[in-house]
Amino acid sequence: MNETQPHILVCDDHREIRDLLARYLVRQGFRATTAENGAALDRALKNGRFDLVVLDIMMPGEDGLVITRRLRERTDLPVILLTAVAEETDRIVGLELGADDYVTKPFNPRELLARIKAVLRRVRSLPPGREPKAEGVVRFDRWRFDRARREIMGADGVAVPLSTAEFRLLSAFVDRPGTVLSRDQLLDLTAGREAKAFDRAIDNQVSRLRRKIEADPKNPAIIKTSWGGGYSFAAPVEPG
């Protein structure tokens, strides 16, 4: 097997689905590994490197939404959710938690293949920063950023909660300090499939985040604007 081929982790509690999908992906030039639940997924991630996870939402025990949240606290590994047609709320929640895309069951394998290729193209266009994130807490400027709690804490010890959009935007920045990120790249990092053409949405999100972390939001020192290019995170980032 060619180690340069993208490696896909398929997690579904239905053995027939995951095995058929894995065989199909191999025929299409991918490497594929299967997992039947969250524990098996964790073991696979510990023992190998993957480019994308295909994850079923409806699984007994720890479901796909819980697993997606866990993944987002540790890594930027792309996630495509498999959902039932009636699970509209779950699809929305999954995207809010950080999934990159979703496909509804029953699905045509060719559609899933197209979505996998599209997500991988997006990922490869992004700046580096896809190694596992620092677990738990990082520090920047005067702030302590707790990923698990989705909050920041200042020197006064008062916790400031972050919305889903603010959490994902701040995560994108602290994982790539000093790197200029365009609006399109920030949309991909924070919104995935839900990214719209209206890149000013990112400007609004940056403004809201600046109001929480900047000493003077009108003269920002942490999130710098690169005129015509996007934004960069100017503060050094250290493990918490």
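Just so you know, these numbers come straight off a predicted model, no measurement behind them.

## Quick word on the packing of helix α3 (residues 64-74) against helix α4 (residues 88-97)
Okay, so step 1: At their nearest, the axes of α3 and α4 sit 9 Å apart, and the two run at 10° to each other. Relative to α4, α3 is oriented roughly parallel. Here α3 contributes L65, T68, R69 and R72 to the contact with α4, which in turn contributes D90, V93, G94 and L97.

## Considering the sheet that holds strand β4 (residues 79-84)
Okay, so step 1: Taken in spatial order, the 5 strands make up an open sheet running β2-β1-β3-β4-β5, and their pairing is parallel. Two strands in the sheet have a free side with no partner beyond their single neighbour: β2 (31-35) and β5 (101-105). Direction aside, the axes of adjacent strands within the sheet are offset by 20° on average.
Okay, so step 2: Relative to the sheet, helix α1 (residues 15-27) contacts β1 (7-11), β2, β3 (52-56) and β5, its axis offset from that of β2 by approximately 170°.
Okay, so step 3: Here α4 sits on the sheet and contacts β4 and β5; the angle it forms with β5, its principal contact strand, is near 160°.

## Section: the sheet that holds strand β6 (residues 137-140)
Working definition: the strands of a sheet are paired by backbone hydrogen bonds and lie parallel or antiparallel to each other.
Okay, so step 1: With antiparallel pairing, 5 strands are arranged side by side in an open sheet as β9-β8-β7-β6-β12. Edge positions in the sheet fall to β9 (159-161) and β12 (237-239), since each has one partner strand and no second. Averaged over neighbouring strand pairs, the angle between their axes works out to 30° when direction is ignored.
Okay, so step 2: Strand direction decides the pairing type here: strand β7 (residues 143-146) and strand β8 (residues 151-153), joined by 3 bridges, are antiparallel. Bridge pairing in β8 places R144 opposite M153.
Okay, so step 3: Against the sheet, helix α6 (residues 164-174) engages β6, β7, β8, β9 and β12, with an angle of about 110° to β7.

## A word on the environment of L71
Okay, so step 1: Within the secondary structure layout, L71 lies in helix α3.
Okay, so step 2: Distance in space between the C-alpha atoms of L71 and D42 is 9.5 Å, their sequence separation being 29 residues.

## A closer look at helix α2 (residues 38-47)
Okay, so step 1: All buried positions along α2 are accounted for by G38, A40, L41, A44 and L45. Projected down its long axis, α2 carries its buried residues within an arc of 160°, all on one side. Exposed and facing more than 90 degrees away from the buried side of α2 are K46 and N47.
Okay, so step 2: Looking at the packing, one finds that the buried side of α2 touches β1, β2, β3 and α3.

## Things to note about the confidence of the model for the protein
A low pLDDT score tells you not to read the predicted coordinates there in detail.
Okay, so step 1: Per-residue confidence for the protein averages 85 on the pLDDT scale, and 88% of its residues sit at or above 70.
Okay, so step 2: Of all helices and strands in the protein, the one with the weakest mean pLDDT is α4 (76), whereas β1 scores best (96).

The rules behind these values
Residues numbered from 1 in each chain as written. Predicted model: local features only at pLDDT ≥ 70, side-chain atom pairs only at ≥ 80, totals over all residues. Heavy atoms only, no water. Axes fitted to C-alpha atoms, helices over the stretch in contact; angles between N-to-C directions. Helix = DSSP H or I, 4+ residues; strand = E, 2+ residues; numbered from the N terminus. Parallel < 35°, antiparallel > 145°, perpendicular 65-115°, else oblique. Contact = heavy atoms within 4.5 Å. Pairing = 2+ DSSP bridges. Buried < 20%, exposed > 50% of the residue type's maximum accessible area, 1.4 Å probe, protein only. Arc of directions from axis to C-beta. pLDDT = per-residue confidence, 0-100.

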